[in-house]
Amino acid sequence: MRDLNGPTLPRRSRRTAALLTTGAAVTATLLGVSSVPANAAPTAASADRNARTAAAPDISVTNVKAHLAQLQSIANANGGNRAHGRSGYKASIDYVKGKLDAAGFTTTVQQFTSNGATGYNLIADWPGGDAGHVVFAGAHLDSVSRGAGINDNGSGSAGILEVALTVAKQGYKPDKHLRFAWWGAEELGLVGSQNYVRQLPATERSKIDAYLNFDMIGSPNPGYFVYDDDPQLEGVFKDYFAGKNIPTEIETEGDGRSDHAPFKNAGVRVGGLFSGADYTKSASQAAKWGGTAGQPFDRCYHASCDTTANINDTALDNNSDAIAHAIWTLSGGSTTPPGGGKVFESTSALDIPDAGAAVESPVTVGGVTGNAPSALKVGVDIRHSYRGDLVVDLVGPSGKTYRLKDASSNDSAADVVATYTVNASGESADGTWKLRVQDVAAQDTGRINGWKLTF
């Protein structure tokens, strides 16, 4: 990530209305519920489509760290850095390109000149998917001249590299087109990404549904920060971390300082993750994330000590998995999983009262032998102006409630479009299941668009 004197972008406004969260107030209102009929059984076509929906795979942090070790070795062999215009940067491009070429990606190296030296962007396209709808992930590959740049930004570069290689290993067939990029000369002022966006025709820019940026995802004293530039993209990442019980905060330290900025300025929707640079971790942040209060998130930011010893493996692992979750979720791809999966869904829309009683959308399951699985997939599509007010539960045939999402004043995005995994092995599979949703504070509008169960 470039230094603090970079340009800044305007932040979108935040709601200030107080939220009711969980506890007695929510529980009391949950007692009053309403429901509407739903399409209980899937059609053959929808069952086949939904049974083929691919879940994001686990990304091997061991493999991500192996890429970091290679970048460290490259720096060691090239004057201790991988900076723009230096041999270490070109060797880094060659390493990443070789991996992608071998995996079946179509790669393009884009050259540009900055500070009198040649720089390189590497673009990798996964064959297939709708070329009119592109899901794009990027990270800058260059370091500063003072060090190897393993957290900044070997971490983001290695994370998206392993996600891309996993796309190939899985034989993933996305509905949307997937593109990945490794940017040059970010540390000199976002030069590589600006050059790419500037040369991209307007018709091609309009095809990019989302650009996701990953700049520093393994900070040694980490935080979990999510870009809030687009509500839907913000929500995709928040859903992932909420499912792992990891609190997040809105990212502000890197505003305008990384490669999402040229895309945002060109009107492309942007999102991303960040684990912190030279800002200081507060006591409240240390209480929820661990680590050391009063110390920077990355004490080696832009320093010679930014080596493979400057990485938090847990943050690197969580963030790499979150990247995969976003890519799989946003690209809407499909595979044929072993044994398939029987799907039951509701396609009936149901309005959610503003600060009112909970509503329930039922789905009746039949013809499934035995109990529900320990990894029952619950896919929800809720359109809502402020998702932080929503409490979402799955109610089993026995009446037992499984919490999918709590209300939270820190959850400022719109919509809940996500797949949750529930251990419902104590429930009989057959019977009526319900998605229960309540808006617990005022000034919002929304509806349940639909939801499904995959057994």
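These remarks concern the structure in this document. Since the structure is predicted, the reported quantities are computational estimates derived from the model, not experimental observations.

All right, on to the overall build of the protein then. Within the protein one finds eleven helices and 18 strands. Here the protein holds 455 residues, and 55% of them are scored as buried. Across the protein, contacts joining residues at least 24 apart in sequence account for 80% of those joining residues at least 6 apart. If you sum the accessible surface of the protein, you get close to 17100 Å²; carbon and sulfur atoms cover 50% of it.

With that settled, the discussion passes to the packing of aromatic side chains. This structure, assessed with the given rule, holds 22 aromatic pairs. Summarising the aromatic geometry, the rings of phenylalanine 136 and phenylalanine 263 are spaced 5.5 Å apart at their centres and angled 75° between planes, so their arrangement reads as edge-to-face. Of this pair, phenylalanine 136 sits in strand β4 (residues 130–140) while phenylalanine 263 sits in helix α9 (residues 260–265), and the two are 127 residues apart along the sequence. Judged by relative accessible area, which is 0%, phenylalanine 136 ranks as buried. A relative accessible area of 1% means that phenylalanine 263 is categorised as buried. Centroid distance tyrosine 240 to phenylalanine 241: 5.2 Å. Interplanar angle 75°. Geometry classified as edge-to-face. We note that tyrosine 240, like phenylalanine 241, is buried. Taken together, Tyr224, Phe225, Tyr240, Phe241, Phe274, Trp289 and Phe297 form an aromatic cluster joined through their ring pairs. Positioned above the aromatic ring of phenylalanine 136 is the side chain of arginine 179, whose terminal nitrogen or guanidinium carbon lies 5.7 Å from the ring centre.

Taken as a whole, this structure holds one disulfide when the rule is applied. Across a sulfur-sulfur distance of 2.1 Å, cysteine 300 and cysteine 305 are joined as a disulfide pair. Between cysteine 300 and cysteine 305 the sulfur-sulfur dihedral comes to about -115°; the bridge is accordingly left-handed. Classification of cysteine 305 as partly exposed rests on a relative accessible area of 30%.

Moving on, we come to helix α11 (residues 313–331). The end-to-end C-alpha separation of α11 is 27 Å, in line with the 27 Å expected for 19 residues at 1.5 Å each. The buried count for α11 comes to 15 of 19 residues, which makes it a mostly enclosed element. Where α11 begins, the capping side chain belongs to asparagine 312, and its oxygen is found 3.1 Å from the backbone nitrogen of threonine 314. In the stretch just after α11, glycine 332 is the one whose phi turns positive, near 60°.

On to the pattern of salt bridges, then. Here the idea is simple: oppositely charged side chains can pair when their charged atoms come close. The full count for this structure, using the stated rule, is 21 salt bridges. Here lysine 97 and aspartate 101 are joined by a salt bridge, their closest N and O atoms 2.8 Å apart. Of this pair, lysine 97 and aspartate 101 are both found in helix α4 (residues 87–103), four residues apart, which corresponds to roughly one turn of the helix. Overall, lysine 97 belongs to the partly exposed group, its relative accessible area being 25%. Note that lysine 169 and glutamate 162 form a salt bridge whose closest N and O atoms lie 3.1 Å from each other. On the accessibility criterion, glutamate 162 (2% relative accessible area) is buried. Three or more residues joined by partner-sharing salt bridges are found here, namely Glu234, Lys238, Asp239, Arg387, Lys405 and Asp411.

Once that is clear, we can look at the packing of α4 against helix α5 (residues 150–170). Interaxial distance between α4 and α5 falls to 9 Å at its minimum, and their mutual angle equals 15°. If you check the angle between α4 and α5, you find them roughly parallel. Viewed along their axes, α4 and α5 form a crossing whose handedness is left-handed. Across from Tyr95, Val96, Lys99, Leu100 and Ala103 in α4, the residues of α5 making contact are Leu161, Ala164, Leu165 and Ala168. Split by residue class, the contact of α4 with α5 holds eight nonpolar, no polar and one charged.

Before going further, it helps to examine unusual backbone geometry. Residue asparagine 153 follows aspartate 152 across a cis peptide bond; omega there is 0°. By the secondary structure assignment, asparagine 153 is in helix α5. Even without glycine at this site, alanine 185 takes up a positive phi of about 55°. Assignment of secondary structure puts alanine 185 in the loop between β5 (176–183) and α6 (191–199). A relative accessible area of 1% places alanine 185 in the buried class. Phi at glutamine 443 is positive, roughly 80°, even though this residue is not glycine. Structurally, glutamine 443 is set in the loop between β17 (431–439) and β18 (446–454).

A few words now on the nonpolar core. Leu100, Phe180, Trp182, Phe214 and Ile327 are the most contacted members of the largest nonpolar core, which totals 66 residues. With sequence-adjacent residues up to four places away left out, isoleucine 327 is seen in contact with Val135, Ala137, Val163, Tyr172, Leu178 and Leu212. Ranked by size, the runner-up nonpolar core spans 30 residues in total, among them Leu376, Trp433, Trp451 and Phe455.

Our next topic: the sheet that holds strand β2 (residues 106–114). As summarised here, the arrangement of the eight strands in space is β2-β3-β5-β4-β6-β9-β7-β8, forming an open sheet in which the pairing is mixed. The outermost strands of the open sheet, each flanked by one partner alone, are β2 and β8 (249–250).

Turning next to α4. Over its 17 residues, α4 extends 25 Å from the first C-alpha to the last, a length consistent with the 24 Å expected when each residue adds 1.5 Å. Here α4 has its buried residues at Gly88, Tyr89, Ser92, Ile93, Tyr95, Val96 and Leu100. Buried residues in α4, looked at end-on, bunch into an arc of 160°, giving them a common side. Along its buried surface, α4 packs onto α3 (61–76), β2, β3 (117–126), α5 and β5. After α4 finishes, the residue glycine 104 shows a positive phi value of roughly 105°.

Reading the values: the criteria
Just so you know, the residues in each chain are numbered from 1, in the order the chain's sequence is written. Thresholds applied to this predicted model are a pLDDT of at least 70 for local features of residues and 80 or more for the giving and counting of side-chain atom pairs; totals over whole chains, interfaces and linings are not thresholded and use all residues. Side-chain measures here rest on the full set of heavy atoms in the structure, leaving out hydrogens and waters. Runs of H or I in DSSP of at least four residues are treated as helices and runs of E of at least two as strands, each being numbered from the N terminus. Burial classification: accessible surface area is computed with a 1.4 Å probe over protein chains only, and a residue below 20% of its type maximum counts as buried, one above 50% as exposed, and the rest as partly exposed. Should any heavy atoms of two residues lie within 4.5 Å, those residues are counted as being in contact. Note that accessible areas follow from Shrake-Rupley with a 1.4 Å probe, and for residues the cover is restricted to the protein chains shown. Only centres within 6.5 Å qualify two rings of Phe, Tyr or Trp (six-membered ring in Trp) as a pair; their planes then separate them into stacked at under 30 degrees, edge-to-face at over 60, and tilted for everything else. Two conditions define a charge sitting above a ring: the NZ of Lys or the CZ of Arg must be within 6 Å of the ring centre, and it must be within 35 degrees of the ring normal. In this description, a disulfide is simply a cysteine sulfur pair whose atoms lie within 2.5 Å. The span expected for a helix works out to 1.5 Å for each residue beyond the first. Two N or O atoms form a polar contact when they lie within 3.5 Å of each other; inside protein one atom must be a possible hydrogen donor and the other a possible acceptor, and for residues adjacent in sequence the pair counts only when both atoms belong to side chains. Any carboxyl oxygen of Asp or Glu within 4 Å of a side-chain nitrogen of Lys or Arg constitutes a salt bridge here. Lines fitted to C-alpha atoms define the axes here, with helix axes fitted over just the stretch in contact, and angles between the N-to-C directions of these axes take values from 0 to 180 degrees. Any angle between 65 and 115 degrees counts as roughly perpendicular, while under 35 counts as roughly parallel, over 145 as roughly antiparallel, and the rest as oblique. Here is the rule for handedness: rotate from the far helix to the near one, and if that takes an anticlockwise turn smaller than a right angle the crossing is left-handed, while a clockwise turn gives right-handed. Here the nonpolar group is Ala, Val, Leu, Ile, Met, Phe, Trp, Tyr, Cys and Pro; Asp, Glu, Lys and Arg are the charged ones; every other residue, Gly included, is treated as polar. Throughout, nonpolar core names a set of buried Ala, Val, Leu, Ile, Met, Phe, Trp, Tyr and Cys residues whose side chains join them through atoms within 4.5 Å. What makes two strands pair is DSSP finding at least two bridges between them. It is the directions from the helix axis to the C-beta atoms that the arc portrays.

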